[in-house]
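One letter stands for each residue in the lines below.
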Amino acid sequence: MSVRVRFAPSPTGPLHMGGVRTALYNYLFAKKHGGQFLLRIEDTDQGRYVPGAEEYIKESLEWCGLVPDESPWSGGPDDPYRQSERKALYKAYADELIAKDKAYYAFDTPEELDAMRGRLQAAGVAAPAYNAVTREHMKNSLTLSADEVKERLARGDQFVVRLKVPRHEEVRFEDLIRGWVVVHSSNIDDKVLFKSDGMPTYHLANIVDDHLMRITHVIRGEEWLPSAPLHVLIYEAFGWERPAFAHLPLILRPDGNGKLSKRDGDRLGFPVFSLDWTDPVSGEKSSGYREKGYFPDAFINMLALLGWNPGGDVEIMDRKQMIAHFDLARVHKGGARFDPEKTKWFNQQYLRMRPDAELGAQLQSKLKQREIVASEERATAAVALLKERATFVDDMLEGAYLFVEGSPLKGNDAAIEELRKRWKPEAAPALEAYITALGALTEGKAPAFEVAFNRVLSDTGLKVGQVMPLYRLFVAGRMQGPGMFDVSALLGREEVIVRLNAGLDLCRSWA
Ligand code: GLU
């Protein structure tokens, strides 16, 4: 039997990183076992549908490189993969359960349901439920005569179909991560499976589709664990073989106190979504890992280890290694604490592994967006210089002064203000002598610039602190950054001479 797993998101908003991790584990498990990874859109609850959410899910998974083998977008042998388009097929399954006496029609109005709850609460029942005991006092096809049921259906009365949960039964299944889960059926209520508007509920549609799509393993978040015993009962009611279950641990806040939410991200300054998202109703914006400058591989590597321990000290893993080592038995039960600093660390590691030329091209296009012209060659050389101190490609933009063609003082108000404070006409002769010395250089490496600079200082009797800041502002356009001799070697002496002259001209015009 070949492994078939699915990721089954509901398009109710942007994909939380927990959702991406669920998709990732399904993907890794499928690839590891040479199986298929399916994606099914669970949109039976039209009231919660959010426009744009499905497109967002698709784009997120593509960005992460988690492209399903079968999905609404690519199609597959079990078309369609969107539950709203499968609507017509669920009714027959609800009917089948009714015919088997595993489900029944219930006609109770909202008022009658409220009254039932009120009565039970008054009698001291903490969590009143529609179940094997209370169903006997309600209006359903178990208490009404067959004729009345027929009449009500013919009349078009509103109804729901409820699962007939057995009264005394132990429901048990072995979760691949949690071990045996045992629940007494008296703790499970007669869940609604189908409604008279023709729509199935999540529970029925989910099980029918997992069955029809021949899903072998259901790998999903811990929040679905409480529903699993009910799902086991539905499989039993149909007489179908059920898939194996694996419920993944929650992703916790950095302090370990509770489930990670969007609010935690906003408060602590990190994204909880893969991509930027604007809520179509409220207009509220949320940031995503992609737009923050994370590499998808770094994001995925971080997520893989959020709940899974591959053993040993291995942290950096490429896709192939993750697939080779993935094992549900090594996924822990306990919540996995999210660490925003570690997430940055992953990005830094991936940045360092990228070839300079690739980062150089990215940097060049980012500069272009800011109307800074730099050759690809120079951008790549700058990457080599700035990469070690960067976590994101954007961090290297800070050093953009290096790549501009011409004087970095042009339009650079911050540098000019700094220069006004530091400019002393006494320093001019040293800079002029340095320009002359550079003209005579026979070699373009950093030490050659250093030797020339030191000679000028000793010849003129000026101190480093009197000349270096001017050199820095003239040539680099800012006070911070890598060493000036490295910068100069990178720019080449002609460019350095042009910049020094432009700086001197500017300062002299103030006198
Ligand atoms: N549609 C459910 C969700 O949004 C799927 C749960 C499951 O995987 O069974 O998470």
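Residues numbered from 1 in each chain as written. Predicted model: local features only at pLDDT ≥ 70, side-chain atom pairs only at ≥ 80, totals over all residues. Heavy atoms only, no water.

**What about the overall build of the protein?**
Then, number 1: Regarding its fold elements, the protein presents 19 helices and 13 strands.
Then, number 2: Rg of the C-alpha trace for the protein: 33 Å, well past the compact-globule value of 24 Å for 511 residues, more than 25% over.
Then, number 3: The buried share of the protein, taken over its 511 residues, is 49%.
Then, number 4: Put simply, 72% of the contacts in the protein that link residues at least 6 apart link residues at least 24 apart. (Helix = DSSP H or I, 4+ residues; strand = E, 2+ residues; numbered from the N terminus. Rg over C-alpha atoms; globule rule 2.2 N^0.38 Å. Buried < 20%, exposed > 50% of the residue type's maximum accessible area, 1.4 Å probe, protein only. Contact = heavy atoms within 4.5 Å.)

**Some details on the layout of surface pockets**
Unoccupied space between atoms shows up once a probe the size of one water molecule is rolled over them.
Then, number 1: Estimates place the volume of the largest pocket at around 980 Å³.
Then, number 2: As for the largest pocket, its lining consists of 40 residues, of which Pro 9, Ser 10, Thr 12, Glu 223 and Trp 224 are closest to the centre.
Then, number 3: When contributions to the lining of the largest pocket are tallied by element, the ones reaching two or more residues are β1 (4-7), α1 (17-32), α6 (202-212) and β8 (217-221).
Then, number 4: With four residues, α1 is the single largest residue contributor to the lining of the largest pocket.
Then, number 5: Tallied by class, residues from the lining of the largest pocket come to 17 nonpolar, twelve polar and eleven charged. (1 Å grid on protein atoms, 1.4 Å probe; cavity = no way out; pocket = protein on both sides within 12 Å on 5 of 7 lines; lining within 4 Å. Points joined across faces, edges and corners; volume = space filled by probe spheres on them. Nonpolar A, V, L, I, M, F, W, Y, C, P; charged D, E, K, R; others polar.)

**Focus on the site of the ligand**
Then, number 1: Every residue near the ligand is listed here: Arg 6, Ala 8, Ser 10, Glu 42, Tyr 202, Asn 206, Arg 220 and Trp 224.
Then, number 2: Here an oxygen atom of the ligand sits 3.2 Å away from a polar atom, N or O, in the side chain of Trp 224.
Then, number 3: A total of 300 Å² of accessible area belongs to the ligand in isolation, and the protein chains cover 84% of it.
Then, number 4: Residues that form the shell around the ligand fall into these classes: three nonpolar, two polar and three charged. (Near = heavy atom within 4 Å. Polar contact = N/O pair within 3.5 Å; in protein donor to acceptor, adjacent residues only side chain to side chain. Areas by Shrake-Rupley, 256 points an atom, 1.4 Å probe, with all protein chains shown as cover.)

**Overview of the pairing of strand β3 (residues 103-106)**
Then, number 1: Side-chain alternation along β3 places Ala 103 and Tyr 105 on one buried face and Tyr 104 and Ala 106 on a second face that is also buried.
Then, number 2: Inspection of the sheet shows β3 paired to strand β4 (residues 160-163) by four bridges, in the antiparallel sense. The residue bridging Tyr 105 from the neighbouring strand is Val 161, located in β4. (Pairing = 2+ DSSP bridges.)

**Concerning the packing of helix α15 (residues 428-439) against helix α17 (residues 464-476)**
Then, number 1: Between α15 and α17, the least distance of the axes is 10 Å, while the angle of their chain directions is 60°. The angle between α15 and α17 falls in the class oblique. Remark: the crossing between α15 and α17 carries right-handed chirality. Listed contacts from α17 to Ala 430, Leu 431 and Tyr 434 of α15 are Val 467, Leu 470, Tyr 471 and Phe 474.
Then, number 2: Its residues placed into classes, the contact of α15 with α17 shows seven nonpolar, no polar and no charged. (Axes fitted to C-alpha atoms, helices over the stretch in contact; angles between N-to-C directions. Parallel < 35°, antiparallel > 145°, perpendicular 65-115°, else oblique. Left-handed = near helix turned anticlockwise from the far one by under 90°.)

**Digging into the nonpolar core**
Then, number 1: Core analysis: the biggest nonpolar cluster contains 112 residues, and Tyr 434, Tyr 471, Phe 474 and Leu 500 have the highest contact counts within it.
Then, number 2: When residues of this core are assigned to their parent elements, the largest contribution, nine residues, is made by α1.
Then, number 3: Contacts of Phe 474, omitting those with residues within four sequence positions, involve Pro 408, Leu 409, Leu 419, Trp 423, Leu 431, Arg 499, Leu 500, Gly 503, Leu 504 and Cys 507.
Then, number 4: Within the second largest apolar cluster, 38 residues are counted, among which are Val 149, Met 213, Ala 228 and Phe 238. (Core = buried A, V, L, I, M, F, W, Y, C linked by side-chain atoms within 4.5 Å.)

**Quick notes on the pattern of salt bridges**
Then, number 1: Taken as a whole, this structure holds 45 salt bridges when the rule is applied.
Then, number 2: The salt bridge involving Glu 151 is made with Arg 155; its shortest N-O contact spans 3.9 Å. You can see Glu 151 and its partner Arg 155 sitting in helix α5 (residues 146-155), four residues apart, about one turn around the helix.
Then, number 3: Here Arg 152 and Asp 157 are joined by a salt bridge, their closest N and O atoms 3.3 Å apart. (Salt bridge = Lys/Arg side-chain N within 4 Å of Asp/Glu carboxyl O.)

**Details of helix α9 (residues 296-304)**
Given 3.6 residues per helical turn, the α-helix brings residues three or four places apart onto the same face.
Then, number 1: Burial runs high along α9: seven of the nine residues are buried.
Then, number 2: Residues of α9 that are buried: Ala 298, Phe 299, Ile 300, Asn 301, Met 302, Leu 303 and Ala 304.
Then, number 3: Among the structural elements, α1, α2 (53-64), α10 (319-325) and α11 (340-353) are those in contact with the buried residues of α9.

**Re the environment of Tyr 294**
Then, number 1: By the secondary structure assignment, Tyr 294 is in the loop between β12 (285-286) and α9.
Then, number 2: Taking the C-alpha atoms as reference points, Tyr 294 and Lys 32, 262 residues apart in sequence, are found 26 Å from one another.
Then, number 3: Every residue in contact with Tyr 294, bar those within four places of it in the chain, is listed here: Trp 63, Tyr 289, Thr 343, Lys 344, Asn 347 and Phe 392.

**Let's talk about helix α4 (residues 110-122)**
Then, number 1: With 13 residues, α4 should cover 18 Å at 1.5 Å per step; its first-to-last C-alpha distance of 18 Å lies within 8% of that length.
Then, number 2: The complete set of buried residues in α4 reads Leu 113, Met 116 and Leu 120. Taken down its axis, α4 places every buried residue within 60° of arc, on the same side. Across from the buried face of α4, at angles greater than 90 degrees, the exposed residues are Pro 110, Glu 111, Arg 119 and Ala 122.
Then, number 3: Next to the buried residues of α4 lie β4. (Expected span 1.5 Å × (residues − 1). Arc of directions from axis to C-beta.)

**Regarding the side chain of Asp 209**
Then, number 1: Topologically, Asp 209 is positioned in helix α6.
Then, number 2: What makes Asp 209 buried here is its relative accessible area of 0%.
Then, number 3: A polar atom in the side chain of Asp 209 sits 2.8 Å from the side chain of Gln 83.

**Things to note about the environment of Asp 95**
Then, number 1: Positionally, Asp 95 belongs in helix α3 (residues 87-99).
Then, number 2: The class for Asp 95 is partly exposed, based on a relative accessible area of 30%.
Then, number 3: C-alpha of Asp 95 to C-alpha of Ala 511: the two residues are 416 residues apart in sequence and 94 Å apart in space.

**A few points about the sheet that holds β3**
Then, number 1: Read from one edge to the other, the open sheet built from three strands follows the order β3-β4-β7, with strand pairing classed as antiparallel. This sheet does not close on itself; its edge strands, each paired only once, are β3 and β7 (192-195). Each adjacent strand pair in this sheet contributes to an overall mean axis angle of 25°, direction not counted.

**Regarding the packing of aromatic side chains**
Then, number 1: Enumeration over the complete set of coordinates arrives at 23 aromatic pairs.
Then, number 2: Both rings, one in Phe 238 and one in Trp 240, keep their centres 3.9 Å apart while their planes meet at 5°; by these two values the pair is stacked.
Then, number 3: On the basis of relative accessible area, Phe 238 is assigned to the buried category, the value being 4%.
Then, number 4: You can call Trp 240 buried: its relative accessible area is 15%.
Then, number 5: Just above the ring of Tyr 130 sits the side chain of Arg 162; from NZ or CZ to the centre is 3.8 Å. (Phe/Tyr/Trp six-rings, centres within 6.5 Å; stacked < 30°, edge-to-face > 60°. Lys NZ or Arg CZ within 6 Å of the ring centre and 35° of its normal.)

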